[in-house]
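# Observations on the model geometry
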Amino acid sequence: MHGAQIEDTVRSLFTDLKQDKVESLLVHCADWGINVRMFLNGEILELDLLKNYEGYEVTFAEDRDKGSVQIDELPDLLQLLEVS
C-alpha cells in the first residue's frame, strides 16, 4: 500500500465507528511511518505507526511509558484501541 491508500484505510476505519466517536482525525504518512492524531470519545489520542516485516509497530505518542504494540494489519487498530 502506498501513502494515499494507507491514509484512506485509516480514515475509513475511524469514520465508520458505530459506538465510539472520533473528531478532528489527522492521518499523515511520512517517510518513516504514519502519524494518527484525533479526539476519540473526547480524549486526545496520538499514535505513530511504523511499517515492518510483521505488519505495524504502534506507539502511543502521548504515553511514552506505554510500550509499543505489534499489529498485523491496520484494521487491528480497532481491536487494540477497543473501539467499534
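Residues numbered from 1 in each chain as written. Predicted model: local features only at pLDDT ≥ 70, side-chain atom pairs only at ≥ 80, totals over all residues. Heavy atoms only, no water.

### A word on the environment of Phe39
Structurally, the position occupied by Phe39 is in strand β2 (residues 34–40). Relative accessible area serves as the criterion here: at 34%, Phe39 is assigned to the partly exposed category. Phe39 has contacts with Lys21, Val22, Glu23, Ser24 and Ile44, leaving out every residue within four places of it along the chain. (Helix = DSSP H or I, 4+ residues; strand = E, 2+ residues; numbered from the N terminus. Buried < 20%, exposed > 50% of the residue type's maximum accessible area, 1.4 Å probe, protein only. Contact = heavy atoms within 4.5 Å.)

### Brief notes about the sheet that holds strand β3 (residues 43–52)
With respect to topology, 5 strands assemble into an open sheet ordered β1-β2-β3-β4-β5, the strand pairing being antiparallel. At either end of the open sheet lies a strand with only one pairing partner, and these are β1 (22–29) and β5 (69–71). Averaged over all pairs of adjacent strands, the angle between strand axes in this sheet comes to 25 degrees, irrespective of strand direction. Its contacts with the sheet place helix α1 (residues 3–15) against β1, β2 and β4 (55–60), and it is angled at close to 165 degrees to β1. (Pairing = 2+ DSSP bridges. Axes fitted to C-alpha atoms, helices over the stretch in contact; angles between N-to-C directions.)

Everything listed is a geometric property; what it means functionally is a separate question.
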